[in-house]
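The residues making up each chain are set out below.
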Amino acid sequence: MAWALGAGLCVVTIFIHLLGLISIVRQTSVAVPALREKPIHHAATYVSGVILLLIGLHLLEAALWAFAYIGLGEFDDFSKAFYFSIVTATTLGYGDITLSEPWRPLSTLEAIAGMLLFGASTALLFQIKLSIFPNPFRSPD
C-alpha cells in the first residue's frame, strides 16, 4: 500500500513541478531577448526571481507530502510533517523524525522524487543562464 501511495504522490508532485517549469520556460522565452540587451543586473534580478519561484514550487510539493503524512496519521501537526518532508525531499535525512514501519517506503520515494525534481530545477536554471549568456567565454569584440 505504501509503495502505491508513494508512486501516486510522485506522479502528482512531478506533474506539479513540470507545470511550474513549463510556465517558467514560456515566460523566459519572452523575457530573454530583452534581458540580453539590458545591463547584467537585470538578468541577475530575473534569475533571482526564477530561483524564488523554484523554491516556492519545491515547498509546495513538500507541503503536499506533508499533508499526506498527516492524513495517514504519521504526524499530528503540519510543522513536523512539513519539516520531515523537506528533510526527506532534499535527501538531507537527519533521522531525528521517522515514519512508522509500514509507511517508510514513502520517505524513500519522496527522496527519489526530490532528487529528480531538484535536478530538473537545476537544469532549467542552467538553460536560462545559457539562453541569456550563450557564450560567456568568447573574447570581447
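Summarised in this report is the structure supplied together with it.

Scoring rules and cut-offs
Residues numbered from 1 in each chain as written. Predicted model: local features only at pLDDT ≥ 70, side-chain atom pairs only at ≥ 80, totals over all residues. Heavy atoms only, no water. Helix = DSSP H or I, 4+ residues; strand = E, 2+ residues; numbered from the N terminus. Expected span 1.5 Å × (residues − 1). Buried < 20%, exposed > 50% of the residue type's maximum accessible area, 1.4 Å probe, protein only. Polar contact = N/O pair within 3.5 Å; in protein donor to acceptor, adjacent residues only side chain to side chain. Contact = heavy atoms within 4.5 Å. Core = buried A, V, L, I, M, F, W, Y, C linked by side-chain atoms within 4.5 Å. Patch = residues over 30% accessible without salt bridge, like charges linked within 9 Å, V, L, I, M, F, W, Y side chains within 5 Å. Areas by Shrake-Rupley, 256 points an atom, 1.4 Å probe, with all protein chains shown as cover. Salt bridge = Lys/Arg side-chain N within 4 Å of Asp/Glu carboxyl O. Phe/Tyr/Trp six-rings, centres within 6.5 Å; stacked < 30°, edge-to-face > 60°. Axes fitted to C-alpha atoms, helices over the stretch in contact; angles between N-to-C directions. Parallel < 35°, antiparallel > 145°, perpendicular 65-115°, else oblique. Left-handed = near helix turned anticlockwise from the far one by under 90°. Nonpolar A, V, L, I, M, F, W, Y, C, P; charged D, E, K, R; others polar.

Compared with the 46 Å implied by 1.5 Å per residue over 32 residues, the 47 Å span of helix H2 (residues 40-71) between its first and last C-alpha is a close match. At the exit of H2 stands glycine 73, carrying a positive phi of roughly 85 degrees.

Once that is clear, we can look at the side chain of serine 85. With respect to the secondary-structure elements, serine 85 resides in helix H3 (residues 78-89). We classify serine 85 as buried; its relative accessible area is 0%. There is a polar contact of 2.8 Å between the side chain of serine 85 and the backbone oxygen of alanine 62. The contacts of serine 85, once residues within four sequence positions are left out, are Ala62, Trp65, Ala66, Tyr69 and Glu110.

All right, on to the nonpolar core then. Buried together is how nonpolar side chains tend to be arranged in soluble globular proteins. By size, the foremost hydrophobic cluster in this structure holds 15 residues, and its most contacted members are Trp65, Tyr69, Phe75, Leu99 and Leu106. If you list the elements that add at least two residues to this core, you get helix H1 (2-37), H2, H3 and helix H4 (104-132). Filtering out sequence-adjacent residues up to four positions away, leucine 99 remains in contact with Tyr69, Glu74, Phe75, Phe84, Arg104, Leu106 and Ser107. Within the second largest apolar cluster, 12 residues are counted, among which are Leu21, Tyr46, Val50 and Ile128.

This part takes up a nonpolar patch on the surface. Taken together, the side chains of Ile51, Leu52, Ile55 and Leu59 define a hydrophobic patch exposed on the protein surface, amounting to about 350 Å² of accessible area. Relative to the helices and strands, leucine 52 is located in helix H2. Relative accessible area serves as the criterion here: at 60%, leucine 52 is assigned to the exposed category.

Scanning the entire structure with this criterion turns up six aromatic pairs. Centroid distance tyrosine 69 to phenylalanine 84: 5.3 Å. Interplanar angle 75 degrees. Geometry classified as edge-to-face. Residue tyrosine 69 is found in helix H2, and its partner phenylalanine 84 is found in helix H3; the two are separated by 15 residues along the sequence.

Here H2 crosses H3 at 125 degrees, and the two axes come no closer than 8 Å. With respect to H3, the element H2 is oriented oblique. The handedness of the crossing between H2 and H3 comes out as right-handed. Touching Leu59, Ala62, Ala63, Trp65, Ala66, Phe67, Tyr69 and Ile70 of H2 are Phe78, Ala81, Phe82, Phe84, Ser85 and Ile86, all from H3. Of the residues belonging to the contact of H2 with H3, the class tally is 13 nonpolar, one polar and no charged.

With that settled, the discussion passes to the packing of H1 against H2. Closest axis-to-axis distance for the H1/H2 pair is 11 Å, and the angle between their directions is 165 degrees. Relative to H2, the element H1 is oriented roughly antiparallel. Pair H1 / H2 crosses with right-handed handedness. Each residue belonging to the contact of H1 with H2 can be placed in one class, and the counts come to 18 nonpolar, eight polar and one charged.

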